[in-house]
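# Reading the structure
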Amino acid sequence: MRRIVLLAAMLLVSIHCPAQFKVATYKDGKEAALSFTFDDGASDQLTLAIPQLEERGWRGTFYIIGSFIPEEGKAFTWDVIRELAGRGHEIGSHTMTHRNLVEIPYEEAVREVKDCDSLILARTGVKPLSFAYPFNAANARIKTLAEAGKAGSRTKQTVLGGRSTMEGFTGKLDETIAKGGWMVTMTHGIVNGYDHFTSLEAYMGYLDLIKSHEKSLWIAPFAEVTSYIKERDDIRLDVKVKGRRVLIDPVCTLDQDIFHSTLTLETPLCLRKARQAGKVLKVKRIGDKTFVEFNPYAGRILLKTDRH
């Protein structure tokens, strides 16, 4: 009898242990992440890539060159870019004139970055939160410049274009999932322009491959994923347990005007409900884990555990 009581007490301590609560590696407890990024504002990104992404429920990141955006036409115009941002796509900065920032005087590099940032904000009302380097060229000084006031910059990418092979891309995707990594694809043209695919069907084949792994992948724009990762790595969870009530105070020190992704709380406990700042939080039970989406800056989270 004494042994049974002791085991029950140990179980209760285990269930209510603060260490049972953590921020999931990626949103919704997904194993890995993937972001689609597109460079230079090629016209068929608008007519072909975006419809294919949206048909699958995805949003991409589009890195635009400030001086290349026309006022009107069939390509990316400021009106179109503003509309895309409203539909959840990310508009990122790719400099004013696409010069190699490592090879020009630093003062000119500053203008290339800051003028493009300011132009995007002025014409769309949306501040760019990520940056792609022309020719993928950067050093420590340029990286500091480009990331000022942003969530991050694209420093590693997987080519998704005419130079890709299905076999090679499949291997990289499988490796990303196995290692719990983040794949950032880089695409220019779809059926025309630099490094384009042999056909729209060829491009769709890669999307269908990614779709088949969606159970394991969190697919979101670049700034949202890098914001999540940095918030996840910065946050502290102060956990207090009172019977079946769990009080969690999240402490995140990042600038929430830049880093504003919601995070996912992970616990093995079954939860009856979750609230934060008077709002009911979304709770998902997947396998033997429960996931709760929360705002890292909105204060105390109240959880009520299941009786069973």
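All of the points below concern the structure found in this document. (Residues numbered from 1 in each chain as written. Predicted model: local features only at pLDDT ≥ 70, side-chain atom pairs only at ≥ 80, totals over all residues. Heavy atoms only, no water.)

The 4 strands lie next to each other as β1-β12-β16-β15, forming an open sheet whose pairing is antiparallel. Because the sheet does not close on itself, it has two edges, and the strands there are β1 (22–23) and β15 (283–286). In terms of strand pairing, strand β12 (residues 263–267) meets strand β16 (residues 289–294) through 5 bridges, oriented antiparallel. Note on β16: the bridge partner recorded for Leu265 is Val292. Its contacts with the sheet place helix α8 (residues 222–234) against β1 and β12, and it is angled at close to 50° to β12. (Pairing = 2+ DSSP bridges. Helix = DSSP H or I, 4+ residues; strand = E, 2+ residues; numbered from the N terminus. Contact = heavy atoms within 4.5 Å. Axes fitted to C-alpha atoms, helices over the stretch in contact; angles between N-to-C directions.)

Moving on, we come to the pattern of salt bridges. One pass over the full model with this rule turns up 22 salt bridges. Here Arg99 makes a salt bridge to Glu112, at a shortest N to O gap of 3.9 Å. Pair noted here: Arg99 is in the loop between β4 (90–93) and α4 (106–124) and Glu112 is in helix α4, with a separation of 13 residues, a long-range link. Looking at Arg99, the relative accessible area reads 33%, which means it is partly exposed. Close ionic contact of Asp117 with Lys150 constitutes a salt bridge, the shortest N to O distance being 2.7 Å. Remark: Lys150 occurs in the loop between α5 (140–147) and β6 (152–154) and Asp117 occurs in helix α4; sequence separation between them is 33 residues. For the pair formed by Asp117 and Lys150, the shared burial category is buried. Where salt bridges share partners, they join Lys22, Glu266 and Lys289 into one cluster. (Salt bridge = Lys/Arg side-chain N within 4 Å of Asp/Glu carboxyl O. Buried < 20%, exposed > 50% of the residue type's maximum accessible area, 1.4 Å probe, protein only.)

Mapped onto the secondary structure, Thr124 falls in helix α4. Among the polar contacts listed, one links the side chain of Thr124 to the backbone oxygen of Ile120, at a separation of 2.6 Å. Ignoring anything within four residues of it in the chain, the contact list for Thr124 reads Trp78, Ile81 and Arg82. (Polar contact = N/O pair within 3.5 Å; in protein donor to acceptor, adjacent residues only side chain to side chain.)

Now for the side chain of Thr305. Looking at the secondary structure, you find Thr305 in strand β17 (residues 301–305). Sequence-distant contacts of Thr305, defined by excluding residues within four places in its chain, comprise Arg244, Val246, Leu269, Cys270, Leu271 and Arg272.

Our focus in this paragraph is helix α3 (residues 78–86). Residues of α3 that are buried: Trp78, Ile81, Leu84 and Ala85. Burial along α3 is one-sided: seen end-on, the buried residues are contained in an arc of 120°. Within two residues after α3, Gly88 carries a phi angle of roughly 100°, on the positive side. (Arc of directions from axis to C-beta.)

Counting residues in each nonpolar core, the largest one holds 35 residues, and the members touching the most others are Phe36, Leu173 and Ile210. For this core, the elements supplying multiple residues, two or more each, are β2 (32–39), α2 (43–55), β3 (61–64), α3, α4, α6 (166–179), α7 (200–211) and β9 (217–219). A total of 5 residues in this core trace back to one element, the largest contributor, which is α7. Apart from residues lying up to four places away in sequence, Phe36 is in contact with Leu53, Trp58, Gly60, Thr61, Leu160, Thr185, Leu207, Ile210 and Ile219. If you look at the next biggest cluster of nonpolar residues, it comprises 33 residues, including Ala223, Ile229, Ile248 and Val292. (Core = buried A, V, L, I, M, F, W, Y, C linked by side-chain atoms within 4.5 Å.)

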